[in-house]
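Chain by chain, the residues:
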Amino acid sequence: MPLTSNSNIGLHTSMNFRPQTVDPTTTASQVALYNKLDSNNIPELFFRPSSNQTPIQLTYPSISTPTGAVQQYTFCAGPFVIYGGLIANATNGQPITLTPTSTLIYVGLTNATSIGNPVLVRSAIPTNISGSSFTISWQNDPQATLKNIYYLAIGK
Amino acid sequence: MTFYDTGVPNVKDIFASSQDPFLKNFKAIYDAFAVNHIALDKTNAGNHFNAQMVEFPNDAKFTTNVGEISLFCKNSGSFNNMDQLYLQYQGGNFFPLTTYQIYTLKSVPDRFFTCLPGKVLCYFGIVDINFAQGVQFLTFSLFPKVARSIISLNFIPLGTSTTQFPPLTTITVPEGGIISKINLFPSGGLGSSNPTKLGYIILANI
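Bear in mind that the values here come from a model prediction, so they are computed numbers and not experimental data.

### Quick look at the overall build of chain A
When its secondary structure is counted, chain A shows zero helices and eleven strands. When the helices and strands of chain A are listed from N to C terminus, the series reads β-β-β-β-β-β-β-β-β-β-β. Taking 156 residues into account, the globule formula puts the C-alpha radius of gyration at 15 Å, and chain A, at 22 Å, lies well above it. When the 156 residues of chain A are sorted by exposure, 44% land in the buried category. Restricting to contacts in chain A with at least 6 residues of sequence separation, those with at least 24 account for 46%.

This is how it looks when you write it as structure tokens:
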């Protein structure tokens, strides 16, 4: 806030971080929040704990969370990309490639389609996990060749 | 707080007679800098104690140049008019980084939620279920009731039985644009007299 303001002088209206080429040093009683370019020259926010401990990247270069979209992704510190969505009318053996590209370290599938009476919800299993791709798989199921499958995946 | 006088210095000032306003202006700068920062006359001058952020006007914009990244505080509007922390990428695209402490969770043990960037809420925890005889489905209520769209969900039995299957899930029709309930239908091994615990995780747009 400007020096001539009637109130809140000295407080911040926004914080614009210029890129740092090296991680700032931190003493035992300091932490640091700063901008460093990632390997693709994209600015990212980093946090460095006290005593020069290992910095961690807090942000990811992009995000896509439009309400209602069937495939979305967000992120958390690491950074990890968190993918979520619904594959409608999936087939057994259907390959899925998530974007943006990452290396998947977790994939969970939920079958939202049931068969039989009594109801039996067969598990769908991610197989062939490689890069940001996996295959939707389930046991032979002659009564339902198409399934709606929710996925939740985490990539690094 | 000493207030800064933009009329000082003046080209016609005689230093001997304008020392006082000069000193007052330096004091104003010192005082302003000391807000959120270690003061100019202290060790580590310039470091931040904290970064208090004043709400950025909703219709205002600022520039984040190539190579830069920015944080600011804005009234989030739909979130009960509360201020949240926003992240702005180089080029100007911005989104809410936090949606925290807006809602309260009912005092139900083992049920939690957290927020992810981009107005995403993550519900997770453990819930007890029991499909008693004749019960066709159970209703799982989302707290807080703020979900506008379900991105993904997973319910998985946590019991010791290897014959339990996940329940069938259906999302109820939104009421007032808000999805607050998910119906759980019994599946193999989850029928009557088989109470169990379900672990769950749900991602939702809010």
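Having put the structure on the table, let's press on.
### Considering the pattern of salt bridges
If you walk through the whole model with that rule in mind, you get six salt bridges over all chains. For A:Asp23, the salt bridge goes to A:Lys36, with nearest N and O atoms at 2.9 Å. With a gap of 13 residues between them, A:Asp23 in the loop between strand 1 (14–17) and strand 2 (32–37) and A:Lys36 in strand 2 connect regions that are remote in the sequence. With a shortest N-O distance of 3.4 Å, B:Asp20 and B:Lys24 are connected by a salt bridge. In this pair, B:Asp20 and B:Lys24 are both assigned in helix 1 (residues 15–34), four residues apart and thus about one turn of the helix distant. By relative accessible area, which is 44% here, B:Asp20 ends up partly exposed.

### As for the environment of B:Asp5
Residues and elements named next belong to chain B. As for its placement among the helices and strands, Asp-5 is situated in the segment before helix 1. Take Asp-5: its relative accessible area is 38%, and that puts it in the partly exposed class. When the C-alpha atoms of Asp-5 and Phe-22 are compared, they prove to be 8.8 Å apart, with 17 residues separating the residues in sequence.

### Let's talk about the sheet that holds strand 7 (residues 94–97) of chain A
Consider a sheet: its strands pair through backbone hydrogen bonds, and that pairing is either parallel or antiparallel. Residue and element names in this part refer to chain A. Strand order in the open sheet made by the three strands is 7-10-9, with antiparallel pairing throughout. The two strands at the open ends of the sheet, each matched to only one other strand, are strand 7 and strand 9 (125–130). The sheet shows a mean angle of 30 degrees between the axes of neighbouring strands, taken without regard to direction. When strand 9 meets strand 10 (residues 133–137), the two strands line up antiparallel, connected through four bridges.

### Observations concerning the interface of chain B and chain A
Taken residue by residue, the interface counts 55 residues in chain B and 57 residues in chain A. Note on chain B versus chain A: buried area summed over both sides is about 4,200 Å², and carbon and sulfur give 64% of it. Where chain B meets chain A, there are one salt bridge. A salt bridge links A:Arg18 to B:Glu68, with the nearest nitrogen and oxygen atoms 3.1 Å apart. Looking at the side of chain B that touches chain A, the elements that each hand over two or more residues are helix 1, strand 1 (69–75), strand 7 (149–157), strand 8 (168–171) and strand 10 (196–205) of chain B. Looking at side-chain class alone, the side of chain B that touches chain A contains 33 nonpolar, 20 polar and two charged residues.

### Overview of unusual backbone geometry
For the peptide bond that leads from B:Val8 to B:Pro9, omega is 5 degrees, which places it in the cis range. Assignment of secondary structure puts B:Pro9 in the segment before helix 1. If you check the backbone angles, A:Asn89 has positive phi at about 55 degrees while not being a glycine. Judged by its relative accessible area of 49%, A:Asn89 is partly exposed. For A:Asn128, which is not a glycine, the phi torsion comes out positive at approximately 55 degrees. Position of A:Asn128 relative to the elements: it lies in strand 9.

What counts and how
Residues numbered from 1 in each chain as written. Chains lettered and ligands numbered in written order. Predicted model: local features only at pLDDT ≥ 70, side-chain atom pairs only at ≥ 80, totals over all residues. Heavy atoms only, no water. Helix = DSSP H or I, 4+ residues; strand = E, 2+ residues; numbered from the N terminus. Rg over C-alpha atoms; globule rule 2.2 N^0.38 Å. Buried < 20%, exposed > 50% of the residue type's maximum accessible area, 1.4 Å probe, protein only. Contact = heavy atoms within 4.5 Å. Salt bridge = Lys/Arg side-chain N within 4 Å of Asp/Glu carboxyl O. Pairing = 2+ DSSP bridges. Axes fitted to C-alpha atoms, helices over the stretch in contact; angles between N-to-C directions. Buried area = accessible area lost by both parts, 1.4 Å probe. Nonpolar A, V, L, I, M, F, W, Y, C, P; charged D, E, K, R; others polar.

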